[in-house]
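Observations on the three-dimensional arrangement
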Amino acid sequence: MTTDSGNTMKAEETLALPDMEEAQNASGLGQLIRGILSTWPARISAVVLLLIILMAVFAPYLGTVDPVRLDPSQRLQGSTAAHWLGTDSFGRDLYSRVVYGARISLAVGAGTVIVALLAGVFFGVLTGYFRWADIVVMRFMDGLMAIPGILLAIALVAISGATLTTVLIAISIPEVPRVARMVRSVIMGVRNEPYVEAASVLGTSTIKMITRHMLPNTIAPLIVQGTYIFASAIMTESILSFLGAGVPPETPSWGNMMADGRLYFLVKPELILYPGVMVSLTVLSVNMLGDVLRDRLDPRMAKRI
Amino acid sequence: MTTTPDSQVVLSVEDVTVDTRPKGKKPIVRNISFDVKEGETVCIVGESGSGKSVTSMAVMGLLPKDALQVTGGRIMLDGEDILKVTPARMRELRAASVAMVFQEPMTALNPVKTVGDQIDEVLRLHTKDSPAERKKKVLSMLDRVHLPDIERVYKSFPHELSGGQRQRIVIAMALILRPRLLLADEPTTALDVTTQKQILYLIKELQEQEKTAVVFVTHDFGVVSEIADRIVVMNRGDLVETGTRDEILTAPKKDYTRMLVSSVPSLIPRREPIAAQPKVLDVISLQKRYGKKGLLSDNTVLAAQDINFTVHKGEITGIIGESGSGKSTVARCVMRLTDPTEGSVVVNGRDIVPMNNLRDVRKQVQYIFQDPYRSLNPRRTIGQSLMEGLINYGMDEAEAKKRVGETLELVNMPASVMNRYPHQFSGGQRQRVAIARAVVMEPDLLIADEAVSALDVTVQAQVLKLLEDIRDNTGVSILFITHDLRVAAQICNTVVVMQKGKIVEHGAARDILANPQHAYTRALIDAAPAPDWDFQNFRPAAAAVAV
């Protein structure tokens, strides 16, 4: 090939460069959110979830009274002007307890997501990148996964005593192996990608290699996994409280309320109904959003099941 | 070859236009016309995106219904317009009149049925033969495609056969009903050169027996020069030129055809060995064993052994071999991407095999990967990717940016591309970026591992020229790994030929390609498509020697 034709090719290629601007990258998140909100079930779920979050944040301003104040003289009342949803067996205001219960549930959900994801990413990277760690840590994770989550959580709470922090950690631990496994598989898949080898050829340090070239690949699956953990943490907390192994009994959590209400179910079924509906609504809307997110971020999974 | 002027026209494509559904701005394939006669081979040649496969799919009636449609023209098969026939009639035609052979034989065959069953199924659906008759026909067809031990092959599953054998099965399946027209879409692209040669001969032999018309879709002019009677050149959906093989190869009328033909590498070595220069790389009795030895069992594989060669300053050394020859293993050992089992790799006088800290070496040796789509991190801009190495070695960002800008211009890209992401570039452009990333480190040795194999010929020629320019401007040595003898002939000063993990021949490219000593090298040269054609000068190779 002559230099002459080389030059014409150069000109041609330069022209052929697409005129796309970097705007594309900036709009990534906005596009994702718009995409998620394009279906009705997702829109409804998002509104429900937003209302529950607002309810938790502004609980003191929503006409509530102190949710733990006992008033035995007013026990098991129906709806009145003073107690919108009536009172429970100790005379506590049911409406206030339901509203404040959202705080516990959302805190447990969010806290579990943070703890489980942090620990899961740590162990996932460790086992995915370093083969020596893989053998030891993953066998331990396998063992952990073999124990039913609820049972493990009950045992952990029993050992360390029931406070919000211990409950949160107890719910998080059973979730860690699943996150770790997922991160590990992504890291192992990316480890042999030519662009990762190319980075190592350029003398990139291990830490930069992991944070720049590998971890960004885990973000999408982690977001999806996070929503499922959020929903299942709320469920688990309710179950633990219902079994009496959750947060301290006087705390207004939806699980505790259902446990208390169980004895008076035949007298006043609303005691279980209201907190039960709230748990269902929250878990359902989080799961729905999670499904839509997954379809968006991982289209291959969308059509299955 | 066996056509005469009055041979019957089997396929006539008249003014065919294919568009996306719903209609796009511009049709994918525009106003294509060509004829194929009985016993004739017409090659449709073009680069990726030229519309050659879409055209052949249209003839087969296989365009994806929800995405593409024929919007104009006629496709006449033996006088019948296949764009107007009913689906039922199309199915009949597909069996009896048109057959197709695809690129990848593994995916064209059903992995859970024996190949005998699969060929038998074609007869079962389209003829009224008894089982015994069918079996006899299948066995005789297997024999005609020159498969060994046909009774055993009949009962084999696809994974039990080699790639070449599988392609023979697919051909047997296509031809058992004696179709009038055979469409072959890159049928030899996935095969090693020696196998490719055999399959080309097989198609030709069967064609001559049956007077089948063949439409052969390919990007490889080497293949074209061996089998074509007539050539149809396509570019970006337009028909550029048609003509007989000799017209197109010796006297192309259009500029595009000229450029396409002259980009095809030919086997004639163009580079002399270079004069004495200091050694940059010295590989001494290198060995690589994969797997671990058990107490009793030995499951290890010797991927490379007794590897000795040197690369001098400013020299381009080629390592040539078919798949599984161990050429990439050697390259990876030189880079320490894989640790060698034994031997030394001496870079600039220092043995790098015992080293634990590779930082210093990494700067001296750089690597260019085969697949430009996967060797750049899709989430990072070109600038970030190119500056990474410099910053790792302590350069400040402003300085690194300046250097990257200069290097991008060296590879004929404007410095302004730094803010873009890899997906915004074509394969050839990405490979330039990957080369820039290696060159910006100012290495003494570049390792190019099949760096041009995934590229179209015109882009391939540009990238090869770029590598040579860089060698001339910077004095870098290049270790050039390739399976393609023709590419090696274009660029290498010396070559190392590998087979099954060993070096079989080693010396100046000029000597080895012109006068091979080892039987394997000779076989490779014989199998290379179009050994007797000098594409750059539009003439047979014999003429080149005579001049």
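Here, residues in each chain are numbered from 1, in the same order as that chain's written sequence. Throughout, the order in which chains and ligands are written sets their labels, letters from A for the former and numbers from 1 for the latter. Owing to the predicted nature of the model, reporting of local features is limited to residues with pLDDT of at least 70; listing and counting of side-chain atom pairs is limited to 80 or more, with chain, interface and lining totals taken over all residues.

Time to look at the domain arrangement of chain B. All names here are of chain B. Each domain span listed reflects an automatic or database assignment of domains. Split into domains, chain B comes out as domain 1 (1–97 + 181–264), domain 2 (109–178) and domain 3 (279–527). Relative placement of domain 1 and domain 2: their C-alpha centres are 26 Å apart. Counting residues at the interface gives 13 residues for domain 1 and 13 residues for domain 2. When contributions to the side of domain 1 that touches domain 2 are tallied by element, the ones reaching two or more residues are helix H2 (87–96) and helix H8 (193–210). Across the side of domain 1 that touches domain 2, the residue classes break down as 10 nonpolar, two polar and one charged. Here contacts are defined at the residue level, using C-beta atoms placed from the backbone and a cut-off of 7 Å between them. Put simply, DSSP H or I for four residues or longer makes a helix, DSSP E for two residues or longer makes a strand, and each gets a number counted from the N terminus. Ten residue types, Ala, Val, Leu, Ile, Met, Phe, Trp, Tyr, Cys and Pro, are classed as nonpolar, four, Asp, Glu, Lys and Arg, as charged, and the remainder, Gly among them, as polar.

All names here are of chain B. Burial analysis of strand S18 (residues 477–482) places six of its six residues in the buried class, the great majority of the element. Around each residue's C-beta, the other C-beta atoms within 10 Å are counted; 20 or more make the residue buried, 12 or fewer make it exposed, and counts in between make it partly exposed. All C-beta atoms are placed from the backbone. Here S18 shows no split at all, with Ser477, Leu479 and Ile481 on one side and Ile478, Phe480 and Thr482 on the other all buried. Between any two strands, at least two bridges found by DSSP are needed for them to pair. Two strands pair when backbone bridges link them, and strand S17 (residues 445–449) and S18 are joined in this way by five bridges, in the parallel orientation. Directly across from Asp449, in S18, lies its bridge partner Ile481. With strands facing away from the observer, any crossover in which the path from the first strand over the helix to the second runs clockwise is taken as right-handed. The parallel pair S17 and S18, bridged by helix H17 (residues 457–474), forms a crossover whose chirality is right-handed.

Before going further, it helps to spend a moment on the sheet that holds S17(B). Residue and element names in this part refer to chain B. Overall, mixed pairing links the six strands, which are arranged S16-S17-S18-S13-S19-S20 in an open sheet. Taken across any chain shown, the strands that pair with only one partner, and hence form the sheet edges, are strand S16 (365–368) and strand S20 (502–508). Within this sheet the neighbouring strands show an average axis-to-axis angle of 15 degrees, counted without direction. All axes are obtained by fitting lines to C-alpha atoms, using only the stretch in contact for helices, and the reported angles, taken between N-to-C directions, cover 0 to 180 degrees. Against the sheet, helix H16 (residues 427–439) makes contact with S16 and S17, and its axis sits at roughly 175 degrees relative to S16, the strand it touches most.

Residue and element names in this part refer to chain B. Of all the six residues making up strand S19 (residues 494–499), six are buried; the element is thus mostly covered by neighbouring parts of the structure. Taking every second residue as pointing to the same face, both faces of S19 are buried, with Thr494, Val496 and Met498 on one and Val495, Val497 and Gln499 on the other. Across four bridges, strand S13 (residues 316–320) lies against S19 in parallel orientation. Within S19, the position partnered with Ile319 by the bridge is Val496. Looking at chain direction, S19 and S20 are connected through six bridges and run antiparallel. Across the sheet, the residue bridging to Val496 is His506, located in S20. Remark: two residues form the turn of the hairpin made by S19 and S20, two consecutive strands paired antiparallel; Lys500 in that turn has positive phi of roughly 45 degrees.

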